[in-house]
Amino acid sequence: MLQHVPKQPPKPQSFQLHNPNSPLVSLSKTASTPFNHSSFEQNYRHICSTLLSITYSRSLSKGLQLHSIIIKSGFQTIPLVAHHLINFYSKSQLPLLSRQIFDETPFKSSTTWSSVISAFSQNELPLLALEFFRDMLGNGVRPDDHIYPSATKSCAILSRLDVGRSIHGLVVKTGYESDVFVGSSMTDMYAKCGDIWDARKAFDEMPERNVVSWSGMIYGYAQLGENEEALRLFKRALEEGLDVNDFTFSSVVQVCGNSTLLQLGKQIHGLSLKLNYDSSCFVGSSLISLYSKCGVIEGAYQVFGEVPLKNLGMWNAMLIGCAQHAHTNQVLDLFGQMGSVVTKPNFITFLCVLYACSHAGLVKEGQYYFDLMKTYGIEPGAQHYASLVDLLGRAGKLQEALKVIEEMPMEPTESVWGALLTGCRLHKDAEMAAYVADRLFKLASLSSGLHVLLSNAYAAAGRYEEAAKARKMLRDRGIKKETGLSWVEEGNRVHTFAAGDRCHPKSNEIFMKLDELGDEMEKAGYVADTSFVLQQVDGDEKNRAVRYHSERLAVAFGLITFPPERPIRVMKNLRICGDCHTAIKFMSKCTGRTIIVRDYNRFHRFEDGKCSCGDYW
């Protein structure tokens, strides 16, 4: 049944279409014949079905032609036609044209409001979506199961939990809390705003759940680092026969990547292949991150090459993966390829490129890409300045790095000063380190990592009193230093080690292997560098302290557990110390094994006594 259809059909208009074979030609021919009620209704239905077809095919040129027919025929005043036009421009990523159609529609039904609010929400204009939602309520239009999800999605984009709670209250008042679509959108909103408790409450109270509610919960747990609960929910969803989608797979693969669960990630990759989600950009981005974070950069390259249509997220995932694996030339090559396929880089893209230049010592190239940002209309942020300072600091250009900080258009952040402090530590400039420390302590709060970095800089320069003072300040402020851990995946188990750890069932074999290797390494020329032991103890004790660091225990476990042809992959939560870096190079040379170590910043691939980082890290 049509609402507010004009009583008399408008006078037909005749015009010429550019493409005589277009499916729209029949509309122009019909429009040139005298109207009666039957032909009017036939044209109306034909226009609606054609507009739906064009919207589905994303053909902007044909849609514009049809829009001209609609205007000349007077059909634009019909609410359902206006709804289809708003949806067409929304799907064509032209939401402001959707708004124009809305403004020109004399009678606005709930469907019309729903269409324009959805157009804003789907095209990353959440403020406009909520503004129109408020105006709709002011006009006395009751929200429905189509409008609520768009409003809650906008709250999630803006992380406006307060507005989301208000909308939830309205949902309850209007009796939509048991609706599966509305309930799913509420669960998703709470999860993306970080309120996992209310998300789970809404999820558990739903009488019926769909893929959106399941995916929202899994995503929420993944974002908060609750990886076990995320995997548990995914398993439960599969057991209940849920038809998971690409967003579900993306979240679960992300969990595997963050936890470096390579074997489980491979199984989920296989499942996505069976269900034909392997060509999804969302799944592809997560798979690239999974393989690169687990030290299998070859797998990341394969996934990247197999996805036919790549979005910006995939390009960025591949860029950061290459950068962390010291594939600097590939990073610069990929950045060049983005221009050839008309993919515009964003601020994350430039962070990846700057990171790659910084860890390869490419000072001129890094400065070039930093300046190039403005060509793309991107103003450098604090993170970009931190990367530039890191680039200069690692290259020993500490005064230039300090000048960059002094000329920053915003206040330097902890990460900016921390980058300079890293350069001071690498080049043993305790004087500048003290200057940086004075600036850092003026900030409201500091991470434990920066306190330790400052202490290390003092200790490396032999100024143990200042190092002790920095550590005391850490204790006085109630900040606990993060314990250094290393772990190795074996089948469905993860083996974790701390320095000097003798709790592992194979600890006797592990320590015997390290002692055995120690003799071979010394014969090959290894000499322990005890400057990385920051305590004032004698030489023998320092030697024992560095010999049993967590990464060495993990490597020794891999040597006695895995077959010779299998690379040993070790993950570490902190930066690998300089002596362990040297020691593992000798381990790879003496054993003939490939050893891959990921610390908090990058990957080190050790083969035949050499490291992929080129000792520039």
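Residues numbered from 1 in each chain as written. Predicted model: local features only at pLDDT ≥ 70, side-chain atom pairs only at ≥ 80, totals over all residues. Heavy atoms only, no water.

1. Topic: the overall build of the protein
- Across its full length, the protein carries 31 helices and 6 strands.
- Taken over 617 residues, the protein has a buried fraction of 50%.
- Here the contacts in the protein between residues at least 6 apart in sequence split such that 64% fall between residues at least 24 apart.
- Split by element, the accessible area of the protein, about 29,500 Å² in all, is 51% carbon and sulfur. (Helix = DSSP H or I, 4+ residues; strand = E, 2+ residues; numbered from the N terminus. Buried < 20%, exposed > 50% of the residue type's maximum accessible area, 1.4 Å probe, protein only. Contact = heavy atoms within 4.5 Å. Areas by Shrake-Rupley, 256 points an atom, 1.4 Å probe, with all protein chains shown as cover.)

2. As for the pattern of salt bridges
- This structure, assessed with the given rule, holds 20 salt bridges.
- The closest approach of N and O atoms between R99 and D103, which form a salt bridge, is 3.9 Å. Note that R99 and D103 are positioned in helix 5 (residues 95-104) at a spacing of 4 residues, about one turn of the helix.
- Residue K201 is joined to E205 by a salt bridge in which the shortest nitrogen-to-oxygen separation is 3.0 Å. Here E205 and K201 lie together in helix 11 (residues 196-205), a separation of 4 residues that amounts to about one turn. (Salt bridge = Lys/Arg side-chain N within 4 Å of Asp/Glu carboxyl O.)

3. Side note on the sheet that holds strand 1 (residues 485-490)
- Strand order in the open sheet made by the 6 strands is 2-1-3-4-5-6, with mixed pairing throughout. Edge strands, defined here as strands with exactly one partner in the open sheet, are strand 2 (493-498) and strand 6 (610-611).
- Summarising the sheet, strand 5 (residues 603-607) and strand 6 pair through 2 bridges and their orientation is antiparallel. Bridged to F606 within strand 6 is C611. (Pairing = 2+ DSSP bridges.)

4. Let's talk about the packing of helix 6 (residues 110-122) against helix 8 (residues 147-158)
- Relative orientation of the contacting elements helix 6 and helix 8 amounts to 25°, with a least axis distance of 9 Å. With respect to their mutual orientation, helix 6 and helix 8 come out roughly parallel. Crossing of helix 6 against helix 8: the hand is left-handed. The residues of helix 8 that touch helix 6, namely those facing S110, S114, I117, S118, S121 and Q122, are I147, S150, K153, S154 and I157.
- A breakdown of the residues in the contact of helix 6 with helix 8 according to their chemical character gives 3 nonpolar, 7 polar and 1 charged. (Axes fitted to C-alpha atoms, helices over the stretch in contact; angles between N-to-C directions. Parallel < 35°, antiparallel > 145°, perpendicular 65-115°, else oblique. Left-handed = near helix turned anticlockwise from the far one by under 90°. Nonpolar A, V, L, I, M, F, W, Y, C, P; charged D, E, K, R; others polar.)

5. Observations regarding helix 10 (residues 180-192)
- With 13 residues, helix 10 extends 18 Å from end C-alpha to end C-alpha; this agrees with the ideal 18 Å at 1.5 Å per step.
- Here helix 10 lies mainly inside the structure; 11 of its 13 residues are buried.
- The complete set of buried residues in helix 10 reads V180, V182, G183, S184, S185, M186, T187, D188, M189, Y190 and A191.
- Buried residues along helix 10 sit against helix 8, helix 9 (161-173), helix 11 and helix 12 (211-223).
- Between the side-chain oxygen at the start of helix 10 and the backbone nitrogen of F181 there is a gap of 2.9 Å, and the oxygen is on D179. (Expected span 1.5 Å × (residues − 1). Polar contact = N/O pair within 3.5 Å; in protein donor to acceptor, adjacent residues only side chain to side chain.)

6. Things to note about the environment of A433
- Structurally, A433 can be placed in helix 25 (residues 430-440).
- Along the chain, A433 and T422 lie 11 residues apart, while their C-alpha atoms are 8.8 Å from each other.

7. Things to note about the packing of aromatic side chains
- What the rule picks out here adds up to 21 aromatic pairs.
- Plain terms: the ring middles of F249 and Y277 are 5.7 Å apart, the flat faces sit at 45° to each other, and that makes the pair tilted. Here F249, found in helix 14 (residues 246-258), pairs with Y277, found in the loop between helix 15 (262-274) and helix 16 (281-293); they are 28 residues apart in sequence, far enough to count as distant.
- Given a relative accessible area of 0%, F249 falls into the buried group.
- Joined through ring pairs, the aromatic side chains of F335, F350, Y368, Y369 and Y376 make up one cluster. (Phe/Tyr/Trp six-rings, centres within 6.5 Å; stacked < 30°, edge-to-face > 60°.)

8. Looking at the pairing of strand 3 (residues 568-572)
- Of all 5 residues making up strand 3, 4 are buried, and the element is well covered by its neighbours.
- Note that strand 1 and strand 3 share 2 bridges and pair antiparallel. The residue of strand 3 that forms the bridge with W487 is M571.
- Sheet topology places strand 3 next to strand 4 (residues 595-598); 4 bridges connect them, and they run parallel. Within strand 4, the residue paired with M571 across the bridge is R598.
- With respect to chirality, the unit in which strand 3 leads through helix 31 (residues 578-591) into the neighbouring parallel strand 4 is right-handed. (Right-handed = clockwise from strand over helix to strand, strands pointing away.)

9. So, the confidence of the model for the protein
- Of all residues in the protein, 89% attain a pLDDT of 70 or more, and the chain-wide mean is 85.
- Across residues 1-37, confidence stays below pLDDT 50; counting only partners more than four residues off in sequence or on other chains, it has 50 contacts. (pLDDT = per-residue confidence, 0-100.)

10. Details of unusual backbone geometry
- A positive phi angle, close to 60°, is found at N276, a residue other than glycine.
- Looking at N276, the relative accessible area reads 60%, which means it is exposed.

11. A look at the environment of K91
- As for its placement among the helices and strands, K91 is situated in helix 4 (residues 79-91).
- Sequence separation of K91 and Y56 is 35 residues, and the distance between their C-alpha atoms is 8.3 Å.
- Setting aside anything within four residues of it in sequence, one finds K91 in contact with T55 and R58.

12. What about the pairing of strand 4?
- Covered by surrounding structure in strand 4 are I595 and V597 together with I596 and R598, the residues of both alternating faces.
- Pairing between strand 4 and strand 5: 4 bridges, direction antiparallel. Looking at strand 5, one finds that V597 is bridged to H604.
- Linking strand 4 back to strand 5 in an antiparallel pair, the connection comprises 4 residues.

13. Here's the deal with the packing of helix 3 (residues 60-73) against helix 4
- Viewed as axis vectors pointing N to C, helix 3 and helix 4 meet at an angle of 155°, and their least axial separation amounts to 11 Å. With respect to helix 4, the element helix 3 is oriented roughly antiparallel. Judged by the sense of rotation from one axis to the other, the crossing of helix 3 with helix 4 is left-handed. Every residue of helix 4 that contacts helix 3 at L60, G63, L64, H67 and I70 is listed here: V81, L85, F88 and Y89.
- Classifying every residue of the contact of helix 3 with helix 4 gives 7 nonpolar, 2 polar and no charged.

14. Digging into helix 20 (residues 347-358)
- For helix 20, with 12 residues, the first-to-last C-alpha span of 16 Å sits near the 16 Å given by 1.5 Å per residue.
- Taken across its 12 residues, helix 20 has 10 buried, putting it largely inside the fold.
- Those residues of helix 20 that fall on the buried side of the exposure criterion are T349, F350, L351, C352, V353, L354, Y355, A356, C357 and S358.
- Those residues of helix 20 that are buried are in contact with helix 18 (312-324), helix 19 (328-340), helix 21 (363-372) and helix 22 (382-394).
- Residue N346 occupies the N-cap position of helix 20, its side-chain oxygen lying 3.1 Å from the main-chain nitrogen of I348.

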